[in-house]
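Structural overview for review
Listed below are the residues making up each chain.
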Amino acid sequence: MNDLLSVSNLSIGYKKAIQKNLNFSVEEGGVLFIKGRNGSGKTTLIKTLFGDKKPLEGNVYWSVDKKEVAILPQLVTHEVSLSVTLGEILDCFLLKEEVKDIIPEELKKRRFNDASGGERQKALILTRLRQGISFLILDEPFNHMDTKAIGEVLDFLSHLLDEKIIKGIILISHVAVDFDQHKVVEVELL
Amino acid sequence: MIELFAVYQYAFLLCLVAGVLLSFLGAHLVTRKESLQVLALAQAALVGNLVGRLAFSEKLQEIGVLVFSLIFFIIFKLLFIYSKRIMRSSKETFFVVTYLSLISISYLLISIFPGLEGHMAVSFFGDIVSLPVERSIVITIILFVLLIIMLLMRRRLLRGSFEKAVLGSKKIELSEELLFALIFVISLYSFGFLFTVSTIIFPTVLIGSKGRSLGQIITIMLIVTGVSSMLGLGGSIWLERLSTVPTQVLTLLVFLVVIGLVLQTQRNKRSD
């Protein structure tokens, strides 16, 4: 298996290191699960991995092009001022052909404000899957979700990996994840 | 009376196009949570309007007023973009502080240059009925072109509004901001503060989230705003004592409240 991402002796932070000597890699078809308390440097790590911030020390190596990586930030609100449906949201993003019909027509008619946490998150994940995207970074995708909704989103992500719609995922979450058939590398930031 | 309406045919057309365009613009600005910013930017453009009147001779005053309004709008927009980054937690109150400060500046200017008082009143309440026919036609064409551009950009605009509202994106799209600024300043110049700000904010705030889909609610909002702008104008022509813009704004408000109640009732029935 090829490593999509490999990190060695990485120190992250601004003037002072927040985390030191991080070592991990993500294989094709794998998931990197980053967990840690508030202020432990999860966002700084993502910025460093994505190249928005230089590492203080160590190396980050991607075997996929940066253009193939998409980030889904965490939701800032569950309500919008307009009655927009999930289908209308997906229509305004240039999605990959293979994901255009992944959400049933009935669900596409549901308004964003009325959709459940799981339905909303699945639609948001799809908005990142433009033509050419093969790697996803998801920031706290399970916030304010119950166990059932978390299960739905995990199944959905497994489906994307199984169907090779994406090659790998980085997941930042304080909720434990359980991807049955996929290699999960766990990094805990203390 | 029919003859009187015929005299104002171009003003009716202008109100229709402006109502539709501003309502469309408002759908994005309100979704992006920029309502208070709209208030402050409108006041900034109004100060630019007054400064433009002072800086230019009568011959060049109309162009000068437009240019200065646009410059003031852009300066304050840049200030808000910058201030958002340094004062994330209190940006809404910052808009209120700016708005109140700019009102004070406007009235200070008027106290020093009393000749500006009439201009300030026109800039606030607008003067659609006394716009010369040629100017009405030119402004209608410009606003119509801007409406077409917005319609062509509708997917991109929705994408931007959604990213900002739901995912907290801070990305600034220059072409979008320029388009918004042009519509805003031309509308302020032609219709005044009250009509522009009300038409931008009212529809989305009052009925924006009450439809079945974006397509449905945008269609309703554009029709209601266009029609109520024309009806308000018609009402003020018919009953001479009624001031045009307040009649338009209150007509819009009544229509939106009634339609909002109808849409809410339909939603309640569907969910039962």
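None of the values given here were measured: they were computed from a predicted structure. (Residues numbered from 1 in each chain as written. Chains lettered and ligands numbered in written order. Predicted model: local features only at pLDDT ≥ 70, side-chain atom pairs only at ≥ 80, totals over all residues. Heavy atoms only, no water.)

**Digging into the nonpolar core**
Core analysis: the largest hydrophobic core is formed by 119 residues, its most contacted members being Leu171 of chain A together with Leu143 of chain B. Of the residues forming this core, the biggest block, 15 residues, is contributed by helix H9 (residues 174-207) of chain B. Residue contacts for leucine 171 of chain A: discarding those within four places in its chain leaves Val31, Leu32, Phe33, Ile34, Leu138, Pro141, Phe142, Leu157, Val177 and Phe179 of chain A. Ranked by size, the runner-up nonpolar core spans 23 residues in total, among them Trp62, Val64, Ile170 and Leu189 of chain A. (Core = buried A, V, L, I, M, F, W, Y, C linked by side-chain atoms within 4.5 Å. Buried < 20%, exposed > 50% of the residue type's maximum accessible area, 1.4 Å probe, protein only. Helix = DSSP H or I, 4+ residues; strand = E, 2+ residues; numbered from the N terminus. Contact = heavy atoms within 4.5 Å.)

**With respect to the sheet that holds strand S7 (residues 168-172) of chain A**
Residue and element names in this part refer to chain A. Reading across the sheet, the five strands line up as S5-S6-S7-S3-S8 and stay open at both edges, with parallel pairing between neighbours. The sheet is open, and its two borders are formed by strand S5 (69-72) and strand S8 (184-189), each paired with just one other strand. Adjacent strand axes in the sheet meet at a mean angle of 15 degrees when their direction is disregarded. For S5 and strand S6 (residues 135-139), the ladder comprises four bridges, and the chain directions are parallel. Residue pairing across strands places valine 69 opposite phenylalanine 135, the latter belonging to S6. The sheet strands contacting helix H1 (residues 42-50) are strand S3 (30-36), S5, S6, S7 and S8, and the helix crosses S3 at an angle near 145 degrees. (Pairing = 2+ DSSP bridges. Axes fitted to C-alpha atoms, helices over the stretch in contact; angles between N-to-C directions.)

**Details of the packing of aromatic side chains**
All names here are of chain B. One pass over the full model with this rule turns up twelve aromatic pairs over all chains. Between the aromatic rings of phenylalanine 80 and phenylalanine 94, the centroid separation amounts to 6.2 Å while the plane-to-plane angle is 85 degrees, which identifies the pairing as edge-to-face. With phenylalanine 80 in helix H4 (residues 61-86) and phenylalanine 94 in helix H5 (residues 91-112), the pair connects residues that are 14 residues apart, well separated along the chain. Residue phenylalanine 80 shares its accessibility class with phenylalanine 94, and that shared class is buried. A centroid spacing of 5.0 Å and a plane angle of 35 degrees characterise the contact between phenylalanine 191 and phenylalanine 195, whose relative ring orientation is tilted. Of this pair, phenylalanine 191 and phenylalanine 195 both sit in helix H9, four residues apart, which is roughly one turn of that helix. Each member of the pair, phenylalanine 191 as well as phenylalanine 195, carries the same accessibility label: buried. (Phe/Tyr/Trp six-rings, centres within 6.5 Å; stacked < 30°, edge-to-face > 60°.)

**Things to note about the confidence of the model for chain B**
In this model, chain B carries an average pLDDT of 91, and 97% of its residues clear a pLDDT of 70 or more. For this predicted complex, the interface confidence comes out at an ipTM of 0.85, alongside a pTM of 0.89. (pLDDT = per-residue confidence, 0-100.)

**Notes on the pattern of salt bridges**
Residue and element names in this part refer to chain B. Tallied over the entire structure, the rule returns 18 salt bridges over all chains. For arginine 156, the salt bridge is made with glutamate 176, and the minimal N-O distance between the two is 3.7 Å. Of this pair, arginine 156 sits in helix H8 (residues 154-167) while glutamate 176 sits in helix H9, and the two are 20 residues apart along the sequence. Taking relative accessible area as the criterion, glutamate 176 reaches 3% and is therefore assigned buried. Each of Arg32, Arg156, Lys171, Glu173 and Glu176 takes part in salt bridges that share partners, so that together they form one network. (Salt bridge = Lys/Arg side-chain N within 4 Å of Asp/Glu carboxyl O.)

**Notes on the interface of chain B and chain A**
You'll often see interface size given as the accessible area lost when the parts meet. Opposite the 24 residues of chain B that make contact, chain A presents 23 residues. The junction of chain B with chain A conceals about 2,000 Å² of combined surface from both sides, 64% of it contributed by carbon and sulfur atoms. Looking at the side of chain B facing chain A, the largest losses of area belong to Phe162, Val166 and Leu167 of chain B, adding up to 31% of the total buried there. At the surface where chain B touches chain A, the tally comes to two salt bridges. Across the pair arginine 267 of chain B and aspartate 114 of chain A runs a salt bridge whose closest N-O atoms are separated by 3.4 Å. If you look at where chain B meets chain A, you find 14 residue pairs in polar contact (both at pLDDT 80 or more). Broken down by secondary-structure element, the contributors of at least two residues to the side of chain B that touches chain A are helix H2 (9-31), H8 and helix H10 (214-238) of chain B. In terms of residue count, the dominant contributor to the side of chain B that touches chain A is H8 of chain B (eight residues). Taken together, the residues that form the side of chain B that touches chain A break down as nine nonpolar, eight polar and seven charged. (Buried area = accessible area lost by both parts, 1.4 Å probe. Polar contact = N/O pair within 3.5 Å; in protein donor to acceptor, adjacent residues only side chain to side chain. Nonpolar A, V, L, I, M, F, W, Y, C, P; charged D, E, K, R; others polar.)

**Examining the environment of tyrosine 14 of chain A**
Residue and element names in this part refer to chain A. Mapping tyrosine 14 onto the fold places it in the loop between strand S1 (3-13) and strand S2 (17-27). Residue tyrosine 14 is classed as partly exposed on the basis of its relative accessible area of 48%. A sequence separation of 41 residues divides tyrosine 14 from proline 55, and the C-alpha atoms of the two residues are 8.9 Å apart. Residue contacts for tyrosine 14: discarding those within four places in its chain leaves Thr44, Lys47, Lys53 and Leu56.

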